[in-house]
Amino acid sequence: MDLRNELLEVIRSRKLSMKPEEAEKLAGYVGRMPTPLEFHLFDTMWSEHCSYKSSRTFLKRLPVAGPLVVLGPGEDAGIVTFTEHRGQEWDLVVAHESHNHPSQVLPVEGAATGIGGIVRDVYCMGAQVIGSLDLLRFGNPSGPSGERCRAICRGVVEGIWKYGNALGVPNLGGDTRFHPGYDDNCLVNVVALGLVRRDRIVHSFAPREAHEEQYVLILAGKPTDDTGFGGATFASSDLEDESEKGAVQVADPFLKRVLSEANAAVLKYLFETGVSFGFKDLGAGGIACVTSEMAAHGGLGILVDLDSVPVSVDGLPSEVIACAETQERYGLAVPLRVAEDVMDIYNEMYELPRLFPGAGATLIGNFSSDPSYRVMHRGEEVANAPVACITEGIVYSRESRPAPVIPVEPGRRPCDPPGDLLRMLHSLDGASRSPIWSYYDSEVQGNTRFRPGEADACVTVPIPGCSTGLAVSGDGNPWYGELDPFLAGAHAVGEAYRNVVAAGGVPIAITDCLNYGNPEDPEVFWQFRQGVEGIALACGKLGIQVEGQPLPVVSGNVSFYNQSSSGGAIPPSPIVAVFGRVDDFTRAMDISFKEPGNLVLLAGIREDELGGSLYYRQCLDHKGGRVPDFRGDLERAMAKFVLTCTRSGISRSVHDISEGGLLMAAAEMSLASRRDARRGMVLYGPADDPVYLYSETPGYLLEVTPEDWESMDQVPDFVSVAGRVTDEFAVSCGGWRIDLQPLVERHTGLLDRLIWREEGEE
Amino acid sequence: MSETSILVGLKAPDPAAMTALSTLMRISPETAPLHLSRYDHWRFTGPGAVREFVSELVSHYTDIVNPNKQTWSFFEGETDPILTDPGMTWAAVLVTDRVDSISENWTGILGRRHRGVESVGYSVLWRLGFSRSVSLEDARDRTMTMAVTTHRDRGLLANPVSQLIELLGTSKT
Amino acid sequence: MSTLPLVAVIQFPGSNCEYETARVVREAGMNGLVFRWNQLSELRDADPDAFVLPGGFSFQDRVRAGAVAAKEMMMDIVFSAAAGKRPVLGICNGAQVLVESGLVPGWEAGRVEAALAANHIAGRSGYLSRWVFLHARETAVLKSPWLGKLGTSPIPVPIAHAEGRFVFWEEDLSRTLPVEALVYCDENGVERPEYPTNPNGSVHNLAAVMNTDGNVMAMMPHPERAFRLWQLPPWIPGEWGDRIRMSISAGTLADAPGPGALFFQGLADHFGGGRHE
């Protein structure tokens with residue numbers, strides 16, 4: 001058999017996702033038939049999930065640098081300047097990942113390990129994790145796959161609360177949407193954020209000092225088993241039947257919590273001792289990836305001894321020990337002279353071996369200046385590759401074929417505000433998310449100012465004693481995605497950005513997760529490119545923190561192959577999280593109407609662009625075609641206006657206009673009012689214009705006192721008075737009036753009844 | 001009226017069972033079992049709650065059994081193979097919350113959807129394995145002592161104030 | 001050496017509210033220190049004036065919330081301190097540990113006489129995060145070192161638990177009044193047994209139970225999450241909602257105390273500013 005056929009045979013028998021030419025490339029690197037461990041290591045490293053081989057060329061379109069960026073995409077998480085407090089520089093650490101495929105198969109565990117992985121990415125930069133967001137996309141719970149969709153939704157939420165709540169990381173919201181395009185492929189995107197002192201940032205590779213002094217690799221955490229073997233490749237192939245899911249790992253929040261405490265003690269010890277070190281979490285590719293990358297990115301080689309790896313399953317082959325993705329593990333590169341002290345912190349102080357049989361910290365490798373990656377197991381060399389090939393990536397150029405959607409607008413647009421509002425408030429996408437949030441702990445750590453639903457963005461005050469707040473929001477509209485993948489990208493940024501601005505935050509950075517179908521399909525790849533272009537455009541226009549500089553993308557993820565076995569790709573789903581700085585957290589704004597008699601200002605214009613709108617979908621049963629345009633200059637000007645009002649104390653409440661348009665926004669601001677001081681709004685009209693009432697053209701509603709309105713000297717031309725706040729729990733205009741009390745229960749309870757109680761449609 | 005019970009166990013080692021066993025070894029080293037496993041126990045009652053129908057239900061609701069992480073079997077009570085496995089002296093306790101939303105919710109959901117199932121009962125079954133030299137009576141006593149929490153240092157698996165504790169007969173081969 | 005009262009916050013494996021709890025102790029003018037579960041001699045040497053068992057998921061709520069932590073050696077120290085009338089507060093998971101330890105209600109100390117069972121809400125199971133109102137029983141205000149500043153008017157606090165329903169033996173139900181500390185009610189102080197006023201089905205609407213001496217209290221809601229006024233949701237009705245509004249217009253929101261501060265200020269008052277003799 002010639003080499004190529006032999007390689008093909010290995011790919012087939014080991015179920016590798018590597019292409020034949022990639023296997024040949026690997027054989028060339030090692031100069032022989034690769035070992036099983038080498039095959040699996042590079043299968044992971046060169047998977048779409050880890051290598052970004054299809055996407056990398058186009059991701060260069062995104063702005064990733066800027067005066068505030070401390071660390072852009074590349075390591076486990078991105079870092080951006082946040083604030084100064086008592087002479088210390090504090091930075092924000094953010095990471096964004098998807099855990100779509102595992103969650104479709106094992107919703108509880110998939111969602112849990114999603115949080116577990118993203119939180120580890122932030123911890124390993126040396127940060128304290130201060131929050132997480134979940135951006136969830138489920139299929140239609142009332143559709144043909146409804147039963148499965150409902151079970152997945154319940155399972156994902158359960159995974160999030162069982163794992164996330166126990167970790168002690170507050171849930172800072174996110175969003176949830178339903179679309180039949182996710183019937184066979186849910187999306188579970190997760191964002192984690194943390195804070196680190198500038199002088200305490202840790203990198204994920206062996207430090208320069210390792211060239212001068214003997215450094216070793218310590219593996220800390222759970223004993224290795226065979227879970228997650230082949231996980232990264234699993235994430236990078238089509239979801240087929242249910243036979244693949246042995247690959248899903250089991251998360252353990254208890255061990256993780258104790259491990260995080262021990263890590264904090266270890267980092268403190270290392271900083272106090274003054275030694276340089278590297279720290280990296282084990283994710284895709286397990287021990288093999290962490291050891292090779294920590295060495296390679298430090299310009300070193302390493303000799304790994306697999307016999308010293310604690311395992312909880314006997315007789316595992318070397319490639320499984322090396323590449324399994326057992327959760328709750330970290331790798332540390334430290335000088336040999338402190339290794340004992342470090343392991344004592346894990347094993348003695350924090351008693352990992354007692355709390356979890358087989359857990360603990362062990363020395364498993366020695367770094368060396370010999371630039372090779374070598375692994376020994378049972379007396380044999382099971383891998384030996386030059387480190388250079390580990391850092392060298394792999395790039396594909398994919399074909400892209402435009403597939404724009406021809407816009408079709410509905411012929412008639414009847415306007416019945418009382419009926420329309422009811423339909424929108426009681427729709428899957430318009431109903432209250434409180435049944436979901438009620439499972440989440442959004443308050444642990446004691447720093448939360450606004451919980452999910454209270455303001456457009458969650459706001460936390462992460463440094464005790466410091467007045468700087470942090471506003472976070474995530475978004476992405478699949479209904480726009482399927483009509484216009486470019487505008488979907490731009491609006492994903494725009495919507496999350498407006499949420500942060502409405503809450504009083506100045507956006508400082510974003511992360512993204514680009515969820516698409518199979519990139520080998522030229523039309524899907526076009527959708528992906530459009531999404532990237534849309535995000536790039538929005539980021540280029542929307543920077544306001546540093547005048548003239550774009551809003552940087554500091555971390556992100558690409559998730560391809562989101563489609564069912566029948567081949568239908570999900571709607572293009574660029575999902576974006578925006579992070580904003582609130583200079584004085586006591587000025588952060590919620591959405592609830594406050595005082596009768598106050599005026600409600602409309603910032604923004606209303607345009608006839610209702611494609612994908614909640615009104616079209618719920619009231620006309622039509623998707624429409626013309627998605628709201630992205631007007632970058634106006635968007636930035638509106639944000640500046642809102643922030644000026646909020647910072648100067650003029651704003652009383654602020655809500656952005658998005659799904660359902662102005663009428664829905666007014667209703668939501670009323671619904672958020674105190675139950676013993678109910679408020680509503682009189683709209684000045686027009687009373688029967690669907691464009692005015694329902695258009696999702698970006699904008700804001702701001703509550704201000706009449707005196708403050710009078711005293712504003714310069715009012716931008718995009719600002720008008722849309723109505724006033726009343727002490728009646730109703731929204732009214734011209735000839736109609738909608739009492740809100742009768743709508744409350746169905747609006748807040750819809751998801752609970754439909755998904756948790758299985759009570760079916762109303 | 002039919003009644004069918006199933007046991008659902010994790011494919012991976014059950015962390016709750018691991019923690020329970022190490023705690024028992026610490027608080028009662030003399031009487032602790034050598035083996036401890038934990039199962040979800042579901043009891044379906046109603047005119048239609050026969051085995052075939054329960055199989056169908058179980059394959060339907062992944063909240064009850066997700067085949068990707070769990071295995072299940074019908075449970076035959078005292079004579080069930082898991083309690084007659086040779087090599088150890090076995091005992092088991094069934095722990096049921098006196099008031100329990102999980103059972104009520106599933107009774108509601110299944111009752112609405114499937115005629116023939118009138119009630120669903122959720123419990124946890126703990127199975128304890130002792131050395132063969134331990135007598136049946138002794139295994140039974142030890143199991144109850146370890147199950148019923150009376151004091152801080154006595155009992156673990158159930159709190160009798162809020163839970164019913166049912167000792168399942170021991171058998172030995 | 002600090003002469004402020006020392007409050008030990010006990011960290012069990014899996015606790016997750018220890019740091020913010022120690023912080024609010026310090027902000028209330030006491031010395032708050034976190035002790036890890038195996039720092040037995042450190043804790044004995046420190047001889048704390050009071051103890052707080054914080055919220056979290058000790059041992060991941062395995063077997064039953066609080067059941068495994070109750071058997072940790074650290075609890076021996078808490079147990080003797082409680083017997084010596086030192087104030088002990090268990091919050092959420094800490095409350096579950098106290099109940100499983102037999103410290104609360106403590107008719108016979110060390111005997112498990114109550115349970116914190118799974119929430120009982122129609123159509124729902126699992127974890128519940130929610131803001132609720134509660135007020136203190138008059139008898140408890142007089143006896144408890146934690147309730148001295150609370151009075152009996154309703155206050156808003158958040159709950160966040162899956163197992164928070166107080167349960168007693170049937171025959172004990174008639175004698176719970178002396179150990180009833182905090183009770184769920186609405187913003188006007190009306191006690192209703194239905195959800196959501198009573199968020200978990202707790203017997204007698206109980207949110208917190210103490211021991212017969214009153215020095216040990218197990219409470220499910222989280223006072224440390226309502227320590228500052230700005231932690232309260234903007235929609236909170238009643239008197240505390242008015243306070244938020246006034247504080248915002250007066251520009252004092254950054255430092256204004258919330259209702260949860262009353263528990264810790266009460267303890268500081270109880271010590272009169274110094275350590276025990």
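Fair warning: this is a prediction, and the values are worked out from it, not measured in the lab.

Cut-offs and rules
- Residues numbered from 1 in each chain as written.
- Chains lettered and ligands numbered in written order.
- Predicted model: local features only at pLDDT ≥ 70, side-chain atom pairs only at ≥ 80, totals over all residues.
- Heavy atoms only, no water.
- Contact = heavy atoms within 4.5 Å.
- Buried area = accessible area lost by both parts, 1.4 Å probe.
- Salt bridge = Lys/Arg side-chain N within 4 Å of Asp/Glu carboxyl O.
- Polar contact = N/O pair within 3.5 Å; in protein donor to acceptor, adjacent residues only side chain to side chain.
- Helix = DSSP H or I, 4+ residues; strand = E, 2+ residues; numbered from the N terminus.
- Buried < 20%, exposed > 50% of the residue type's maximum accessible area, 1.4 Å probe, protein only.
- Pairing = 2+ DSSP bridges.
- Patch = residues over 30% accessible without salt bridge, like charges linked within 9 Å, V, L, I, M, F, W, Y side chains within 5 Å.
- Areas by Shrake-Rupley, 256 points an atom, 1.4 Å probe, with all protein chains shown as cover.
- Lys, Arg positive; Asp, Glu negative; His and termini not counted.
- Charge placed at Lys NZ, Arg CZ, Asp CG, Glu CD.
- Domains from an automatic or database assignment.
- Phe/Tyr/Trp six-rings, centres within 6.5 Å; stacked < 30°, edge-to-face > 60°.
- Expected span 1.5 Å × (residues − 1).

**Side note on the interface of chain B and chain C**
Okay, so step 1: The interface of chain B with chain C comprises 29 residues on the first partner and 34 residues on the second.
Okay, so step 2: Summed over both sides, the interface between chain B and chain C buries roughly 2,400 Å², with carbon and sulfur atoms accounting for 56% of that surface.
Okay, so step 3: Remark: the boundary between chain B and chain C carries two salt bridges.
Okay, so step 4: Here R26 of chain B ties to E72 of chain C by a salt bridge, and the two come within 3.2 Å at their closest N and O atoms.
Okay, so step 5: Viewed at the interface, chain C and chain B are joined by 19 residue pairs in polar contact (both at pLDDT 80 or more).
Okay, so step 6: Contributions of two or more residues to the side of chain B that touches chain C are made by α1 (15–27) and α4 (101–113) of chain B.

**So, the pairing of strand β26 (residues 736–739) of chain A**
Residue and element names in this part refer to chain A.
Okay, so step 1: Residues W736 and I738 of β26 are buried on one face, while the alternating residues R737 and D739, pointing to the opposite face, are not.
Okay, so step 2: Direction of pairing for strand β25 (residues 730–733) relative to β26: antiparallel, over a ladder of four bridges. Within β26, the residue paired with C733 across the bridge is W736.
Okay, so step 3: Between β25 and β26, which pair antiparallel one after the other, the connecting turn spans two residues, and G734 there sits at a positive phi close to 45°.

**A word on the environment of E84 of chain A**
Residue and element names in this part refer to chain A.
Okay, so step 1: Here E84 lies in strand β2 (residues 78–85).
Okay, so step 2: For E84, a relative accessible area of 54% corresponds to the exposed category.
Okay, so step 3: Separated by 114 residues in sequence, E84 and R198 have C-alpha atoms that sit 9.9 Å apart.
Okay, so step 4: Not counting residues up to four positions away in its chain, the partners in contact with E84 are E89 and C466.

**Some thoughts on a negative patch on the surface**
Okay, so step 1: Taken together, the side chains of E340, D341, D344 and E348 of chain A make up a negatively charged region of the molecular surface.
Okay, so step 2: Relative to the elements of secondary structure, D341 of chain A occurs in helix α13 (residues 336–349).

**Concerning the pattern of salt bridges**
Residues and elements named next belong to chain A.
Okay, so step 1: Inspection of the entire model under this criterion finds 83 salt bridges over all chains.
Okay, so step 2: The residue R198 makes a salt bridge to D91 at a minimum N-O spacing of 2.6 Å. Note that R198 is positioned in the loop between β6 (187–197) and β7 (215–221) and D91 in strand β3 (residues 88–98), a separation of 107 residues in sequence.
Okay, so step 3: Note on D91: relative accessible area 0%, which makes it buried.

**Side note on the domain arrangement of chain A**
Okay, so step 1: Split by domain assignment, chain A resolves into domain 1 (3–49), domain 2 (203–394) and domain 3 (589–762).
Okay, so step 2: Between the C-alpha centres of domain 1 of chain A and domain 3 of chain A the distance comes to 56 Å.

**Side note on unusual backbone geometry**
Residues and elements named next belong to chain C.
Okay, so step 1: The amide bond that connects V104 to the next residue, P105, takes the cis arrangement and shows omega of 0°.
Okay, so step 2: Secondary-structure assignment places P105 in the loop between α4 (93–101) and β5 (114–117).
Okay, so step 3: Cis rather than trans, the peptide bond between Y195 and P196 has omega equal to 5°.
Okay, so step 4: Take P196: it is sitting in the loop between β9 (180–185) and β10 (206–210).
Okay, so step 5: In this structure, D61 takes a positive phi of about 55° despite not being glycine.
Okay, so step 6: The residue D61 is located in the loop between β3 (50–53) and α3 (74–83) in this model.

**Examining the packing of aromatic side chains**
Residues and elements named next belong to chain A.
Okay, so step 1: One pass over the structure, following the stated rule, counts 25 aromatic pairs over all chains.
Okay, so step 2: Taking the centre distance of 6.4 Å and the plane angle of 45° together, the rings of F525 and F560 count as tilted. Remark: F560 occurs in the loop between β18 (553–559) and β19 (573–582) and F525 occurs in helix α20 (residues 522–542); sequence separation between them is 35 residues. Each member of the pair, F525 as well as F560, carries the same accessibility label: buried.
Okay, so step 3: Ring centres of Y615 and Y694 lie 4.2 Å apart, and the angle between their planes is 20°; this geometry places the pair in the stacked category. Taken together, the positions of Y615 in helix α21 (residues 614–620) and Y694 in helix α24 (residues 690–694) put the pair 79 residues apart, joining distant regions of the chain.
Okay, so step 4: When its relative accessible area of 0% is taken as the criterion, Y694 is described as buried.

**Concerning α4 of chain B**
Okay, so step 1: Between its terminal C-alpha atoms α4 of chain B stretches 18 Å, which fits the 18 Å expected from 13 residues at 1.5 Å a residue.
Okay, so step 2: Among the residues of α4 of chain B, S101, S103, N105, W106, I109 and L110 of chain B are the ones counted as buried.
Okay, so step 3: Looking at the packing, one finds that the buried side of α4 of chain B touches α26 (741–756) of chain A together with β2 (35–46), α2 (51–60) and β5 (119–130) of chain B.
Okay, so step 4: Where α4 of chain B begins, the capping side chain belongs to D100 of chain B, and its oxygen is found 2.9 Å from the backbone nitrogen of I102 of chain B.

**What about the interface of chain C and chain A?**
Okay, so step 1: Listed per partner, the contact involves 47 residues of chain C and 45 residues of chain A.
Okay, so step 2: Carbon and sulfur atoms make up 48% of the surface buried where chain C meets chain A, a total of about 3,800 Å² over both sides.
Okay, so step 3: The largest share of the area that chain C buries against chain A comes from Y127, W230 and P234 of chain C, three residues that together contribute 17% of it.
Okay, so step 4: At the junction of chain C with chain A, the criterion picks out seven salt bridges.
Okay, so step 5: Between R225 of chain C and D441 of chain A there is a salt bridge; the shortest N-O distance is 3.0 Å.
Okay, so step 6: Connecting chain C to chain A are 32 residue pairs in polar contact (both at pLDDT 80 or more).
Okay, so step 7: Of all the secondary structure elements, the ones that give two or more residues to the side of chain C that touches chain A are α1 (18–27), β6 (128–136) and α6 (238–250) of chain C.
Okay, so step 8: It is α6 of chain C that contributes the most residues to the side of chain C that touches chain A, five residues altogether.

**Structural notes on the side chain of D456 of chain A**
Residues and elements named next belong to chain A.
Okay, so step 1: Counting through the fold element by element, D456 comes out in the loop between β14 (448–450) and β15 (458–460).
Okay, so step 2: For D456, the side chain forms a polar contact with the side chain of H655, separated by 2.6 Å.
Okay, so step 3: A distance of 2.7 Å separates a polar atom in the side chain of D456 from the backbone nitrogen of D656.
Okay, so step 4: D456 has contacts with S473, N499, A502, I591, V654, H655 and D656, leaving out every residue within four places of it along the chain.

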